[in-house]
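Analysis of the macromolecular model
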Amino acid sequence: ADAAATDVTPDAGFDAGFDAGFDAGFDAGFDAGFDAGFDVPVDRGIDVPFVDLAPADVPVDRPVPVDTNEPVPRPVGPPVGAVVTYPRPSLHWRLSGDLVGASVQVCRDRACASVESAFDAAGASGTVGVDLPTGAHFWRLRGRTSTTTRSTWSPTWEFWISPLRPPRENSFGTVLDFDGDGEADLAIGAPGTAAGEGRVLLWRGPLASNPASVAFSPSSESTVGFGQVVVALGDVDGDGFTDLGVGSYDPAETQGRVEVFHGNAAFAAVRGRELTAPAGRTFAFALDGAGDTNGDGYADVIVGQPGAVDDRGRAYVYLGAPTGLGATAALTLVGRDLAGARFGYAVSGGADVDGDAFGDVVVAGPGAPTSQGGAYCYRGSASGLSVPSQNHLAGDGDPDGRYGAVVAHLGDVNGDGFSDYAVASPGNGTAGGRVLVYLGSGVGLDPSPAAQLAAPSSPPGLFGAAVAALGDLDGDGFGDFAIGAPAAGPGGRVSVIYGAATVNPSLRRGLIHGPFAAGGFGASIAGFDLVGRSFVVGVPNEASAARYVPVGSTLPASPVFVFHIAALPGFGQSAAGVW
């Protein structure tokens, strides 16, 4: 049974005035805006090579305790792959048996051949005593009793130091380092158009000038839309590697599933849990890592199903564990359970909006109330996401804007040490075209937007169809982000928004136009390199994705590289890198 989320009476009469087919209208309108020019001849460069990987049936390179009778401290935080905003981070672990503390090593490499800091700490936490540079760092620990230091090391975990330096320590987001070598990796989805056709291509960082990739495939040849969504989940089994989640969504709404691939040093396709819903219609339409919502040291996952319960919508939270994700949802979120709300159409996690070290999430649906959409923030706690903490965010009041069709964690755009969020109203045709920014604080996400950002021109071209954090592109100490408008003429465009201490509609912007006519440039966006400050933009109607490397506050007119996979329709529909 669904968990009760509110005592608000559902709007029983809402269906009558609601266009039940708005999904079809949005999707069809999105394609119609640029499909007509698909065959326009352009210089697409060369195809990037890829190799299909056979799935591995057994885990590889999973840490195994040398002596199971010897208690070993278990790392808890920062979460694997998390971006930490303080150069001397606090580390947390759990003790067992007769342990009274831990001996800790912080290293530049996973094998800890290069130790940056080593210290002993009493209890279940300690602080690194030296400033760590921006980039990837690894840590491990072994137990201390009242008389000795044990010999068995814990699994080695990884975190990333951000270039941001806010007044308080926080951690948020996930860097996709699938093989755990300290270099960011990149995943791009190509959902295809037929059963069994979808692929997710994965590149090992750092990217070469003409990078080859490996391709992950669905577990079943009958799966439709594999790669429609691809996200870095965090570490769902606590082995120290970032795991990858792939959502398969059938546009005919007959099925939906989530497949998990466990990160490993061999860069192999190690399959984990496969998630499905009993009534699979629209399940996995939205998917994201939820962060560690209950502080147990395992990453959790949130999956949206906007068509559940006659389009009221649901969002399901699956908890991580030593064996990976649980087979059934630990919590079902329902929003205000309004008829036609399509709650779960968009989900976003991995943020810490209140600075309490628990992962928080935002879930939205563009259908209610009264066709104006709704977005809700849920805060993590020692017992998991708190339904009573449900915070209804104020929207833009546009009945045609489809507020809540997109949500995204932005990092820290105003430099106060709290995670911030965006909720978009990408509209349909000439309507909509706004992105609302909500700021975190010590008491959670402010329900009133600090800024309502409008499209740079009219018609808005689905401004807000994709929103992504980019880190600090210009090095001014504030997080920046990008907004896609894939139907803006002639080939789509991306607006880069620069953070500032005061967030308002006048935030500084830059603009990048798509390299291909009618390509759908901006349908997906992913920050890629936290250190090198680059990002990738999907161009799915040209089976392409473009990588950009800004120089300070100057945006390049052209990408440094265009990934093009002619054999994979829809390549560029989704992407996962940083955040």
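Please read all numbers here as calculations on a predicted model, not as lab measurements.

Enumeration over the complete set of coordinates arrives at 14 aromatic pairs. Considering the side-chain rings of Tyr249 and Phe285, the 4.8 Å spacing of their centres and the 90 degrees angle between planes classify their relative orientation as edge-to-face. Here the residue Tyr249 occupies a position in strand β16 (residues 243-249), and Phe285 occupies one in the loop between β18 (269-276) and β19 (286-291), the gap between them amounting to 36 residues. Each member of the pair Tyr249 and Phe285 is classed as buried. Seen in terms of ring centroids, Phe283 and Tyr316 are 6.0 Å apart; in terms of plane orientation they differ by 45 degrees. Their pairing is tilted. Highlighted residues: Phe283 in the loop between β18 and β19 and Tyr316 in strand β21 (residues 314-318), separated in sequence by 33 residues. Of the residues examined, Phe283 reaches a relative accessible area of 0% and is grouped as buried. The exposure class of Tyr316 is buried, given its relative accessible area of 14%. A cation over an aromatic ring shows up here: Arg110 above the ring of Phe241, its NZ or CZ 4.1 Å from the ring centre. Positioned over the ring face of Tyr498 is Arg508, at 4.0 Å from the centre of the ring.

Glancing now at the pattern of salt bridges. In the structure shown here, the tally under the stated rule is 15 salt bridges. Across the pair Arg110 and Glu158 runs a salt bridge, and its minimum N-O distance is 3.8 Å. Remark: Glu158 occurs in strand β10 (residues 157-161) and Arg110 occurs in the loop between β6 (101-107) and β7 (115-122); sequence separation between them is 48 residues. Both residues of the pair, Arg110 and Glu158, belong to the buried class. Three or more residues joined by partner-sharing salt bridges are found here, namely Arg281, Asp311 and Arg342.

Quick look at the sheet that holds strand β5 (residues 90-94) now. Taken together, the 3 strands give an open sheet; going across it, the order is β3-β5-β8, and neighbouring strands pair in antiparallel fashion. A single partner strand is all that each edge strand has here, and the edge strands are β3 (74-77) and β8 (125-127). Here the strands of the sheet are splayed against their neighbours by 30 degrees on average, with no regard to which way each runs. Sheet topology note: the β3/β5 ladder contains 3 bridges and is antiparallel. Bridge pairing in β5 places Pro75 opposite Trp93.

The next point concerns the pairing of strand β27 (residues 406-411). Counting buried residues along β27, 6 of its 6 residues qualify, which places the element largely inside the surrounding structure. As judged from the 5 bridges shared by β27 and strand β28 (residues 420-425), these two strands associate in the antiparallel manner. Directly across from His409, in β28, lies its bridge partner Tyr421.

In terms of burial, strand β15 (residues 226-234) is a largely internal element, 8 of the 9 residues being buried. As defined by bridge partners, β15 adjoins β16 across 6 bridges and the pair is classed as antiparallel. Looking across to β16, one finds that Gly234 is bridged to Asp243.

Relative to the helices and strands, Phe343 is located in the loop between β22 (331-333) and β23 (346-351). The class of Phe343 is buried, set by a relative accessible area of 3%. A sequence separation of 10 residues divides Phe343 from Leu333, and the C-alpha atoms of the two residues are 8.8 Å apart.

Attention shifts here to the confidence of the model for the protein chain. Per-residue confidence for the protein chain gives a mean pLDDT of 86, with 86% of residues at or over 70. Mean pLDDT across the secondary structure elements of the protein chain bottoms out at helix α1 (residues 22-32), with 35, and peaks at β6, with 98. Low pLDDT, under 50, characterises residues 60-67; the stretch is placed with 15 contacts to residues that sit more than four places away or in other chains.

What counts and how
- Residues numbered from 1 in each chain as written.
- Predicted model: local features only at pLDDT ≥ 70, side-chain atom pairs only at ≥ 80, totals over all residues.
- Heavy atoms only, no water.
- Phe/Tyr/Trp six-rings, centres within 6.5 Å; stacked < 30°, edge-to-face > 60°.
- Helix = DSSP H or I, 4+ residues; strand = E, 2+ residues; numbered from the N terminus.
- Buried < 20%, exposed > 50% of the residue type's maximum accessible area, 1.4 Å probe, protein only.
- Lys NZ or Arg CZ within 6 Å of the ring centre and 35° of its normal.
- Salt bridge = Lys/Arg side-chain N within 4 Å of Asp/Glu carboxyl O.
- Pairing = 2+ DSSP bridges.
- Axes fitted to C-alpha atoms, helices over the stretch in contact; angles between N-to-C directions.
- pLDDT = per-residue confidence, 0-100.
- Contact = heavy atoms within 4.5 Å.

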